[in-house]
Structures are given as C-alpha cells and as structure tokens.
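Listed here are the chains, written in short residue letters.
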Amino acid sequence: MLAAYERATAALAKAQNVLVLTGAGISAASDVPTFRDAQTGLWAKYRAEDLATPEAFARDPNLVWQWYQWRRQLVREAQPNAGHYALASLAQAKAVSLVTQNVDDLHQRGGSPDVIAVHGALFDNHCLNGHAYQAETDGLESPPECAQCGALVRPGVVWFGESLPEHALQRADSAVRMAELALVVGTSSLVWPAAGFAESAAARGIPVIEVNPQATPFSPQATYHVRGLAEQVLPALIGTALESPTT
Ligand code: BV8
C-alpha cells in the first residue's frame, strides 16, 4: 500500500495541468510574517485584519500607509525560498496556474512565469478614485496625492470588504476548471472568496494535495494532506514527481 506521500507524488507526476494555490505560509521561510503571526515591534499592538481595511485607511491614512511601507521594506529585504523555486521548476515542466493570495513579489522573483495575484500587489499604488500612481513612494511617511484628481494614494492590494479584481477572479476560476490536480500550499483557507478555489477544485474530484504544518478547515476535503513546511516538502515532492516517468 503506497503511503499517502508516495501516492501524492505519483498523482503530481501524472498530472499535466496543475493548479497551485498559495497563501502567506509559503513566504514564512523568507521571513515575511503571515497574517496569523503576531505582528512585531511597533505593529505588535495591531491586528493585520484591522489595518487591511478601507475604514482603517479612512480613519488614519498615515498609520495604514506606514504599515504598508514597513511591509514593503521587509519584502524588499526578503529572498524567495526553496518553496518558491520548486514551484517555478514545476512550471517549467507542466502547465501550472499559480493563484496566490499573497501580495509579496516572491513568486515572481523566484521564477514563476505567470502569477495570478487575487489580492493585488504590495508594490502597486493607485488613488482612492482608482487612478494608477507610478511615481516612487519609497521613504514616504504619508500617502501622496493623485496627480490627476488629488485623492489620496493607497496600496494596490485588496482590503477586507473589497471585491477581488475581476480579471484575476476569472483567470482563477478558469484554472480551477481546467486543473487535473491542485496543490494547496501555506494557506489557512480562512479568507473568502479565495478559500473557495480549493473547495471548488476538490468538488471536481481531482486529486488535491494540501501542504501545511497545521490542519486547516480545508484539510478534510484534501485528497492528501502532507503535514510539513513548504520550503521542505515542495522541493522533495516536486523533485521526485519530475523525476518519475509520467504514465
Ligand atoms: C470580499 C491583501 C465582499 C491585503 C488580504 C464569504 C465570501 C466572501 C467574503 C467573505 C466571506 N466570509 C467572510 C468574508 C469577508 C472577508 C473574509 O474572508 N474574512 C475572513 C477573515 C473571515 N473577505 C473579504 O473581505 C474579501 N472581500 O469578499 O468582499 C464583497 C463581495 C461582493 C462585493 C463587494 C464586496 C477580501 C479578502 C482579501 C483581504 N486581503 N490580503 C494585505 O495583505 O494587506 S487577505 C490576507 O489574509 C492574505 O492575503 C491571506 O489571503 C489572508 C490570510 O492571511 P494568513 O493567515 O497570514 O495567511 P494564510 O491564511 O495563508 O495562513 C497562513 C498559513 O500558512 C497557515 O495555515 C499556517 O499553518 C501556514 N504556514 C505557516 N508556515 C508555513 C505554512 N505552510 C507551509 N509552510 C510553512 N513554512
């Protein structure tokens, strides 16, 4: 009887069209804290969920802006880890649709060619009226004003209570429909509607491999739950799958 891990590896070796869903856990080894981790230093007294909202920005734009500036600097200093690189190598051998909830740029810097970022991008900016803002903001302690309309500029991420970008949603939905296997990595599966992608994939009856050191609300629906760290499990799982003869 093949252990679950061997069966998961065999299923990954066989699949050609792979959906990968990642959350903050895949960046943990790059020292980018997840939302679940208590925040550090100045930010220890705040909950991320309370800062990542339009209401928080309206109430105290400088505070929320400075939180994002702190996170941007943290991500600039971070490096992709073995988990990011393993997913990039998978994309060289198979048709991979990488859907991430993360707003860092580590998948891109780790070599993944096409990242569907359903919660936006940490380094993007636009004003409150939606005008793109291209000027450099590094080092600014307060949000600048839009050159076109004067409205405050905010980070280009999806806040709680905001809709996900339609184009990213459509691409993610299509990827769920096309997938022959799903790899769900480093997400607590608590944030919706992104958590629904893994559920929809499982409902299609395709093999779903969850990689997480903890159990999550999604775990009972996973075909295989590989309990471990993405930076350790992914290089081994993907490395072995890519060496195996695909049937
Ligand atoms: C919306 C960008 C409404 C910002 C983020 C049902 C349907 C629809 C909405 C809702 C719903 N129920 C509730 C809602 C509202 C809300 C929601 O889901 N709330 C939750 C808290 C219950 N959803 C929304 O508001 C969404 N918008 O639906 O709008 C609407 C509808 C129609 C019309 C108008 C409006 C928007 C949600 C997006 C919020 N933005 N990020 C920013 O980054 O600043 S979400 C943010 O938190 C992250 O992007 C991530 O997706 C999420 C969770 O963060 P973390 O917990 O840190 O990460 P993760 O969940 O991935 O957990 C870490 C995991 O990693 C853990 O499991 C851990 O065990 C594991 N791990 C740790 N180390 C490792 C590891 N795994 C592997 N290896 C390791 N080394």
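Predicted model, so just to flag it, every value in this text is computed and none were measured. (Residues numbered from 1 in each chain as written. Predicted model: local features only at pLDDT ≥ 70, side-chain atom pairs only at ≥ 80, totals over all residues. Heavy atoms only, no water.)

*Asks:* Quick one: what's the story with the nonpolar core, residue by residue and with numbers?
*Replies:* Among the nonpolar cores identified, the biggest contains 27 residues, and L12, L183, I209 and L234 are the most heavily contacted of them. For this core, the secondary structure elements donating two or more residues are α1 (4-14), β1 (17-22), α5 (82-93), β2 (95-100), β6 (181-185), β7 (208-211), β8 (224-226) and α9 (230-243). The element contributing the most residues to this core is α9, with 6 residues. Those residues within four positions of L12 in sequence are excluded, and the remaining contacts are V18, L90, K94, L181, I209, L237, I238 and A241. Counting 24 residues, the second-largest nonpolar core is a separate cluster that includes V99, V184, A194 and F218. (Core = buried A, V, L, I, M, F, W, Y, C linked by side-chain atoms within 4.5 Å. Buried < 20%, exposed > 50% of the residue type's maximum accessible area, 1.4 Å probe, protein only. Helix = DSSP H or I, 4+ residues; strand = E, 2+ residues; numbered from the N terminus. Contact = heavy atoms within 4.5 Å.)

*Asks:* Describe the pairing of β1, listing the residues and the values that go with them.
*Replies:* As a general feature of sheets, a regular strand has side chains that alternate between the two faces. Judged by how many residues are buried, β1 sits mostly within the fold: 5 of 6 residues are covered. Relative to β2, β1 runs parallel, the two being bridged by 6 bridges. Of the residues in β2, the one forming a bridge with L21 is V99. Sheet topology note: the β1/β6 ladder contains 5 bridges and is parallel. Looking at the pairing, L21 lines up with V184 of β6. (Pairing = 2+ DSSP bridges.)

*Asks:* Kindly report on α5, identifying the contributing residues and their values.
*Replies:* Each α-helix turn comprises 3.6 residues. Residues three or four places apart therefore point the same way. For α5, with 12 residues, the first-to-last C-alpha span of 17 Å sits near the 16 Å given by 1.5 Å per residue. Looking only at α5, the buried set comprises G83, H84, A86, L87, A88 and L90. Turning to α5, the residues buried within the fold contact α1, β1, β2, α6 (106-109), β6 and α9. One side-chain oxygen of the residue at the start of α5 lies 2.7 Å from the amide nitrogen of G83, identifying that residue as N81. (Expected span 1.5 Å × (residues − 1). Polar contact = N/O pair within 3.5 Å; in protein donor to acceptor, adjacent residues only side chain to side chain.)

*Asks:* Before we move on, can you summarise the packing of aromatic side chains with the specific residues and values?
*Replies:* Under the counting rule described, the total for this entry stands at 7 aromatic pairs. Centre to centre, the rings of W43 and W70 are 6.2 Å apart; their planes meet at 35°, and the pair counts as tilted. Highlighted residues: W43 in the loop between β1 and α2 (48-51) and W70 in helix α4 (residues 61-77), separated in sequence by 27 residues. Measuring from centroid to centroid gives 6.3 Å for Y68 and W159, while their planes differ by 50°, and the two rings are tilted. Within this pair, whereas Y68 is found in helix α4, its partner W159 is found in the loop between β5 (153-157) and α7 (166-178), the two being separated by 91 residues in sequence. Three or more aromatic residues joined by ring pairs form one cluster here, namely F35, F57, W67, Y68, W159 and F160. Lying over the aromatic face of W67, R71 brings its terminal NZ or CZ to 4.6 Å of the ring centre. The ring of W65 is capped by R72, whose NZ or CZ atom sits 5.2 Å from the centre of that ring. (Phe/Tyr/Trp six-rings, centres within 6.5 Å; stacked < 30°, edge-to-face > 60°. Lys NZ or Arg CZ within 6 Å of the ring centre and 35° of its normal.)

*Asks:* Talk me through the packing of α7 against helix α8 (residues 195-203); I want residue IDs and the actual numbers.
*Replies:* Where α7 contacts α8, the two axes come as close as 9 Å, and the packing angle between them is 25°. Classified by the angle between their axes, α7 and α8 sit roughly parallel to one another. The interaxial crossing formed by α7 with α8 has right-handed handedness. Of the residues in α8, those touching α7 at L169, A172, D173 and V176 are F197, S200 and A201. (Axes fitted to C-alpha atoms, helices over the stretch in contact; angles between N-to-C directions. Parallel < 35°, antiparallel > 145°, perpendicular 65-115°, else oblique. Left-handed = near helix turned anticlockwise from the far one by under 90°.)

*Asks:* Please provide a residue-by-residue account of the sheet that holds β1, values included.
*Replies:* Ordered in space as β3-β2-β1-β6-β7-β8, the 6 strands form an open sheet in which the pairing is parallel. Either end of the sheet is taken by a strand with one partner, and the two such strands are β3 (115-117) and β8. Taken pair by pair, the neighbouring strands of this sheet meet at an average axis angle of 20°, ignoring direction. Pairing analysis gives 3 bridges linking β2 to β3, with the strands arranged parallel. Bridged to L98 within β3 is V115. Those strands touched by α5 are β1, β2 and β6, and its axis lies near 160° from that of β1.

*Asks:* I'd like a description of the site of the ligand, backed by residues and values.
*Replies:* Not every one of the 34 residues close to the ligand is listed here, only the nearest: F35, R36, Y68, R71 and S188. Y68 places a side-chain nitrogen or oxygen 2.6 Å from an oxygen atom of the ligand. In the environment of the ligand, a nitrogen atom lies 3.0 Å from a nitrogen or oxygen atom belonging to the side chain of E231. If the ligand stood free it would expose 1500 Å²; the protein chains cover 74% of that surface. Every element with two or more residues in the shell around the ligand is listed here: α4 and α9. A per-class count over the shell around the ligand returns 18 nonpolar, 12 polar and 4 charged. If you count residues domain by domain, the shell around the ligand takes at least three from each of domain 1 (2-31 + 80-119 + 164-243) and domain 2 (33-77 + 125-157). (Near = heavy atom within 4 Å. Areas by Shrake-Rupley, 256 points an atom, 1.4 Å probe, with all protein chains shown as cover. Nonpolar A, V, L, I, M, F, W, Y, C, P; charged D, E, K, R; others polar. Domains from an automatic or database assignment.)

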